[in-house]
Amino acid sequence: MPALSLPSALADALSTLLGPRGLLTDASDTDTAGQDWRRLYHHPPLAVLRPADTAELAAAVRLCVAHGVAMTPQGGNTSMVGGGVPSGPGEVVISTARMNHIRSVDPVDMTMTLEAGVTLKAAQDAAVAAECLLPLSISSEGTAQIGGVLATNAGGNNTVRYGNARDLVLGLEAVLPDGTIWNGLRRLRKDNTGYCLRQLMVGAEGTLGIITTAVLKLAPALRQRESALCAVPSTEAALALFARFQRHDPAALQAFEYMGGPGMELVMRHIPGAVLPIAPAPHYALVDLATARAGSDLRGVLETVLEAALEDGTVTDAAIAESEAQRLAIWKLREEHAEAQKREGASVKNDVSVPVSRVPELLRRGQEAVAALIPGVRCVAFGHIGDGNIHFNFEQPVGADGAAFLARDHEIMDAVGEIVRDLDGSFSAEHGVGQLKPYMMPDWRGGAELEAMRRIKAAMDPAGLMNPGKVLP
Ligand code: FAD
Ligand code: 2HG
Ligand code: ZN
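This structure is a prediction, so every number in the text was calculated from the model and none was measured.

Trainee: Any chance you could explain the overall build of the protein chain here in plain terms?
Mentor: Secondary structure summary: the protein chain contains 17 helices and 19 strands in total. For 473 residues, the compact-globule estimate of 2.2 N^0.38 gives 23 Å, and the C-alpha radius of gyration of the protein chain, at 23 Å, lies within 12% of that figure. Taken over the C-alpha atoms alone, the protein chain extends approximately 75 × 55 × 45 Å along its principal axes. Evaluated residue by residue, the protein chain yields a buried proportion of 54% over its 473 residues. When the accessible surface of the protein chain is summed, it comes to about 19200 Å², and 53% of that surface belongs to carbon and sulfur atoms. Within the protein chain, one finds 41 positive and 54 negative side-chain charges whose respective centroids are separated by 3 Å.

Trainee: Which parts of the structure should I look at to understand the environment of Leu134?
Mentor: Considering the arrangement of structural elements, one finds Leu134 in the loop between strand S7 (132-133) and helix H5 (146-151). As a C-alpha pair, Leu134 and Met110 span 24 residues in sequence and 9.7 Å in three-dimensional space.

Trainee: Would you take a moment to explain the nonpolar core for this structure?
Mentor: A general trend in soluble globular proteins is that nonpolar side chains are found buried together. Leu241, Phe245 and Phe392 are the most contacted members of the largest nonpolar core, which totals 58 residues. Residues within four places of Leu241 in sequence aside, it is in contact with Cys230, Phe256, Ala285, Val287, Val305, Leu306, Ala309, Thr314 and Val315. Core analysis: the second largest hydrophobic core is formed by 32 residues, Val118, Ala165, Leu168 and Val169 among them.

Trainee: Hey, could you run me through the sheet that holds strand S1 (residues 23-24) in this one?
Mentor: Hydrogen bonds between backbone groups are what pair the strands of a sheet, and the pairing can be parallel or antiparallel. Sheet architecture is open: four strands sit in the order S1-S2-S4-S3, paired in mixed fashion. Lying at the two open borders of the sheet, with one neighbouring strand each, are S1 and strand S3 (71-74). Relative to strand S4 (residues 92-95), S3 is paired through four bridges, and the arrangement is parallel. What sits directly across from Met71, in S4, is Val92.

Trainee: Please clarify how the packing of helix H9 (residues 261-270) against helix H12 (residues 337-344) should be interpreted in this entry.
Mentor: A packed helix pair is summarised by two numbers, namely the angle formed by the two axes and the spacing between the axes. Relative to each other, H9 and H12 sit at 75 degrees, their axes nearing to 8 Å. In terms of orientation, H9 lies roughly perpendicular with respect to H12. Side by side, H9 and H12 meet where Gly263, Met264, Leu266, Val267, Arg269 and His270 of the first sit next to His337, Ala340, Gln341, Arg343 and Glu344 of the second.

Trainee: Is there a simple way to think about the site of ligand 2 in this case?
Mentor: In the vicinity of ligand 2, the contacting residues are Met80, Ser139, Arg334, Ala338, Lys349, Phe382, His384, His391, Asn393, Glu430 and His431. Between ligand 2 and Arg334, the relevant distance is 2.7 Å, taken from an oxygen atom to a side-chain nitrogen or oxygen of the residue. Within the side chain of Asn393, a nitrogen or oxygen atom sits 2.9 Å from an oxygen atom of ligand 2. Coverage of ligand 2 by the protein chains reaches 93% of its 300 Å² of free accessible surface.

Trainee: Just to check I follow, could you spell out the coordination of the zinc ion (ligand 3) for this structure?
Mentor: For a metal with four tetrahedral donors the ideal donor-metal-donor angle is 109.5 degrees, whereas six octahedral donors ideally subtend 90 or 180 degrees. Coordination of the zinc ion (ligand 3) by the protein comes from His384 (NE2), His391 (NE2) and Glu430 (OE), over a distance range of 1.9 to 2.1 Å. In primary sequence terms, the donor set of the zinc ion (ligand 3) follows H-x6-H-x38-E. Of this pair, His384 sits in strand S18 (residues 378-384) while Glu430 is found in the loop between helix H15 (409-422) and helix H16 (441-445), placing the two residues 46 residues apart along the sequence. In this structure, His384 and Glu430 share a single accessibility class: buried.

Trainee: Just checking my understanding: could you explain the site of ligand 1 for this structure?
Mentor: The local shell around ligand 1 holds 36 residues, among which Pro73, Gly75, Gly76, Thr78 and Ser140 are the closest. Notes on ligand 1: free accessible area 970 Å², of which the protein chains cover 97%. For the shell around ligand 1, the secondary structure elements donating two or more residues are S3, H5 and strand S10 (210-217). The dominant element in the shell around ligand 1, judged by the number of residues it contributes, is H5, at four residues. Partitioning the shell around ligand 1 into residue classes produces 12 nonpolar, 22 polar and two charged.

Trainee: What is the right way to look at the environment of Ala70 in this model?
Mentor: Counting through the fold element by element, Ala70 comes out in the loop between helix H3 (54-66) and S3. Spatially, the C-alpha atom of Ala70 lies 36 Å from that of Ala127, the residues being 57 residues apart in sequence. Sequence-distant contacts of Ala70, defined by excluding residues within four places in its chain, comprise Gly90, Glu91, Val92, Leu465 and Pro468.

Trainee: So what exactly am I meant to see when it comes to unusual backbone geometry here?
Mentor: Glycine aside, negative phi is the norm for most residues, and most peptide bonds take the trans geometry. The phi dihedral of Arg39 falls on the positive side, at around 60 degrees, and the residue is not glycine. Relative to the assigned elements, Arg39 resides in the loop between helix H2 (27-33) and strand S2 (47-49). Residue class for Arg39 comes out exposed when judged on its relative accessible area of 58%. Phi angles above zero are rare outside glycine, and Asn77 is one such case at about 60 degrees.

Trainee: What exactly am I supposed to notice about a nonpolar patch on the surface here?
Mentor: Nonpolar side chains collect at one region of the surface, where Tyr195, Leu197, Leu200 and Ile456 lie side by side and expose about 410 Å² of accessible area between them. Among the structural elements, Leu200 can be located in helix H7 (residues 197-201).

Trainee: Quick question: what am I supposed to make of the sheet that holds strand S9 (residues 181-184) here?
Mentor: Strands sit in the order S5-S6-S10-S8-S9 across an open sheet of five strands; the sheet is antiparallel. With one partner strand each, in any of the chains shown, strand S5 (102-106) and S9 form the two edges of the open sheet. Within the sheet, the average angular offset between the axes of one strand and its neighbour, ignoring direction, is 10 degrees. Looking at chain direction, strand S8 (residues 169-175) and S10 are connected through six bridges and run antiparallel. Each bridged residue has a counterpart across the sheet, and for Gly171 the counterpart in S10 is Val215.

Quick notes on the rules
Residues numbered from 1 in each chain as written. Chains lettered and ligands numbered in written order. Predicted model: local features only at pLDDT ≥ 70, side-chain atom pairs only at ≥ 80, totals over all residues. Heavy atoms only, no water. Helix = DSSP H or I, 4+ residues; strand = E, 2+ residues; numbered from the N terminus. Rg over C-alpha atoms; globule rule 2.2 N^0.38 Å. Buried < 20%, exposed > 50% of the residue type's maximum accessible area, 1.4 Å probe, protein only. Areas by Shrake-Rupley, 256 points an atom, 1.4 Å probe, with all protein chains shown as cover. Lys, Arg positive; Asp, Glu negative; His and termini not counted. Charge placed at Lys NZ, Arg CZ, Asp CG, Glu CD. Core = buried A, V, L, I, M, F, W, Y, C linked by side-chain atoms within 4.5 Å. Contact = heavy atoms within 4.5 Å. Pairing = 2+ DSSP bridges. Axes fitted to C-alpha atoms, helices over the stretch in contact; angles between N-to-C directions. Parallel < 35°, antiparallel > 145°, perpendicular 65-115°, else oblique. Near = heavy atom within 4 Å. Polar contact = N/O pair within 3.5 Å; in protein donor to acceptor, adjacent residues only side chain to side chain. Donors = N, O, S within 2.8 Å, 3.2 Å for Na, K, Ca; no water. Nonpolar A, V, L, I, M, F, W, Y, C, P; charged D, E, K, R; others polar. Patch = residues over 30% accessible without salt bridge, like charges linked within 9 Å, V, L, I, M, F, W, Y side chains within 5 Å. Salt bridge = Lys/Arg side-chain N within 4 Å of Asp/Glu carboxyl O.

Below, the structure is given as structure tokens:
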């Protein structure tokens, strides 16, 4: 039976170690820390630990281990799968919020070294100030922290060009589940020295330890950027447009995003200031071109491809951003999809990926399957179509009971999952497994793969106190 309050000896030791700013036990603080972004889970922790640095964090972990208290690492708490909140009572949350220093940005090495609690937006801004680019972009970047972004191997809008978070990590420092500090803060492009611990920590969702500092790889600053919002008649047409840009100038593509009509309607209904620059359409593609080269004719590339597509009906309407403000306004329509969907009511999310060419079939078959299960369900599909990653979400029928709809989440996820499997895809593309999807692991990653994961977990966290109830069933 887990404790309902911090054991007093542990409370005293943590209080001495962390001080009043580093140990929060008020109900309002623990309540917030126990609630996930989607409001699917709510287990207030016994306390929120907010260490100021790696040494404090490691000492706090050692104290928790000595008292047998489970720990949930938490960054910005934007997980879509309940990863950053406890999976039950009796845990503590270890927050990296105070470990938020950017230690250095090096435009020669093209790296930045920063602590886990730096928000992704602050990290991007620091890179820009040094005339570089941190090429990771997600809608939650103002809140999500580097530790959380790495722990989930976040993807987002620029994966199509630069890869996922994993591809940007050169070095890491982490506190292992027993409180040992592992310093792997190297910034080498080549370093083949045994098992790659940093890549094991990336994507482990905090089950193998807590990332405290990272060295990230930077890209050259962008000199020019062009964006367009296009109406397309079908998902096949969206893919055809993607293929044309790839053929015409693959190096220019920075992002290629898909939005269905219903999701866009929700954005227009719920997001103040959202303006659709073209007539409403059944499907939309957002094209983003960018270059670090001087004197490139990006606008020419955009116009050439769009003109041909408009001529043969691949695109039915398009708005090209004429200023940075217009560019941001177009992107806002895409970035606010998650928030608009939340405001509309209860939704079941499927963060799935399939080979890019199979996206239209996925969307067609998936919609049919879920509509047959729940008449009146609303399909809100959008996402990173250039990576084959669709947020294949379903909103409760109008007027339906939200809780009753959410109670059928496994039915919906499994109906979609069956089709995803048939198309050689994945049930978890970029958001991770968290506490929402461990039940799917035996079916999808069973046998040797899951067994190897269990052995790694047991070797690194024999007491099972680091983020229990996440990833592994
Ligand atoms: P948290 O939510 O705090 O934690 C996430 C996981 O990482 C948890 O398992 C937690 O225990 C662990 N963790 C946190 N910090 C550490 C650490 N220092 N060391 C070890 N483990 C740690 N994801 C995408 O991939 N692409 C998107 O485009 C995208 N868009 C989003 C948009 C919105 C509006 C929202 C709410 C979420 C979005 N996400 C997206 C999901 C989310 O995964 C990302 O926001 C981000 O990667 C999580 O960062 P965080 O700091 O909030 O982590
Ligand atoms: C995005 O791409 C995020 O906007 C959130 O990954 C997706 O709400 C979602 O399902
Ligand atoms: Zn996404």
